[in-house]
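Summary of the model geometry
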Amino acid sequence: MAVMSMMGGAQARRAQLNREAVLSATPVRLLTMLYDRLLLDLGRAEIAQNIEDWAVASENLLHAQAIVSELSTSLNVEAWEGGEGLFALYTYVSNALMSANIHRDVARTREAIALLEPLRQTWHEAAALLPAQSAARAGGEYGLA
């Protein structure tokens, strides 16, 4: 029982730290955190699909879809020239993830990873170029609502 209580306490502490990290993050940092979690979910989904653990695959694909939805709805397509193209990509990936889940299609999951991983890397590189003081302002400049 004591071990279970300690594990519950550790999970609660980790959840609290995650909440604090999100609440204190700049818009650019939030974006990179979303991309990191998105690719983590997709990686987990791919592994689960490969071993035919459909419940775990579905859980991760649904969470990935929720992240793509958040990225899509928070995108200000008029803020920069590539906004409409990025919105179209998010729509395509969202449809691919639904198909991957419904049809248990690992190829669609891999396709989403292949499309999103370069974007994740690019956002991380862009975030690293921003001075810390201007990072809070940059969210608006990068089309984040």
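In this report, the structure presented in the accompanying data block is examined. (Residues numbered from 1 in each chain as written. Predicted model: local features only at pLDDT ≥ 70, side-chain atom pairs only at ≥ 80, totals over all residues. Heavy atoms only, no water.)

So, on to the packing of helix α3 (residues 54-74) against helix α4 (residues 83-102). It is the contact of α3 with α4, at a shortest axis distance of 10 Å, that shows an interaxial angle of 165 degrees. Comparing the axis directions of α3 and α4 gives the class roughly antiparallel. When the axes of α3 and α4 are compared, the crossing they make is left-handed. Facing α3, whose interface residues are Ser58, Leu61, Leu62, Ala64, Gln65, Val68, Leu71 and Ser72, α4 presents Phe87, Tyr90, Val93, Ser94, Leu97, Met98, Ala100 and Asn101. Grouping the amino acids of the contact of α3 with α4 by side-chain chemistry returns 11 nonpolar, 5 polar and no charged. (Axes fitted to C-alpha atoms, helices over the stretch in contact; angles between N-to-C directions. Helix = DSSP H or I, 4+ residues; strand = E, 2+ residues; numbered from the N terminus. Parallel < 35°, antiparallel > 145°, perpendicular 65-115°, else oblique. Left-handed = near helix turned anticlockwise from the far one by under 90°. Contact = heavy atoms within 4.5 Å. Nonpolar A, V, L, I, M, F, W, Y, C, P; charged D, E, K, R; others polar.)

Further remarks concern the side chain of Thr32. With respect to the helices and strands, Thr32 occurs in helix α2 (residues 27-50). A relative accessible area of 3% places Thr32 in the buried class. At 2.9 Å, the side chain of Thr32 and the backbone oxygen of Arg29 are in polar contact. (Buried < 20%, exposed > 50% of the residue type's maximum accessible area, 1.4 Å probe, protein only. Polar contact = N/O pair within 3.5 Å; in protein donor to acceptor, adjacent residues only side chain to side chain.)

We now examine α3. With 21 residues, α3 should reach 30 Å at 1.5 Å per residue; the first-to-last C-alpha distance of 30 Å fits that figure. Where α3 is concerned, the buried positions are Ala57, Ser58, Asn60, Leu61, Ala64, Gln65, Ile67, Val68, Leu71, Ser72 and Ser74. Elements that come into contact with the buried residues of α3 comprise α2, α4 and α5 (106-129). (Expected span 1.5 Å × (residues − 1).)

Over its 20 residues, α4 runs 29 Å from end to end, which matches the ideal 28 Å to within 8%, given 1.5 Å per residue. Residues of α4 that are buried in the fold lie against α2, α3 and α5. Note on α4: the residue one or two positions beyond its end, Arg104, has a positive phi of about 55 degrees.

Phi at Glu52 is positive, roughly 60 degrees, even though this residue is not glycine. Note that Glu52 resides in the loop between α2 and α3. Classification of Glu52 by relative accessible area gives exposed; the value is 57%. The phi torsion at Arg104 lies on the positive side, around 55 degrees, for a residue other than glycine. Topologically, Arg104 is positioned in the loop between α4 and α5.

Applying the stated criterion to the full structure yields 5 salt bridges. With a shortest N-O distance of 2.7 Å, Asp41 and Arg37 are connected by a salt bridge. Of the two residues, Asp41 and Arg37 are both situated in helix α2; the distance of 4 residues between them amounts to about one turn of the helix. Its relative accessible area of 0% is what places Asp41 among the buried residues. (Salt bridge = Lys/Arg side-chain N within 4 Å of Asp/Glu carboxyl O.)

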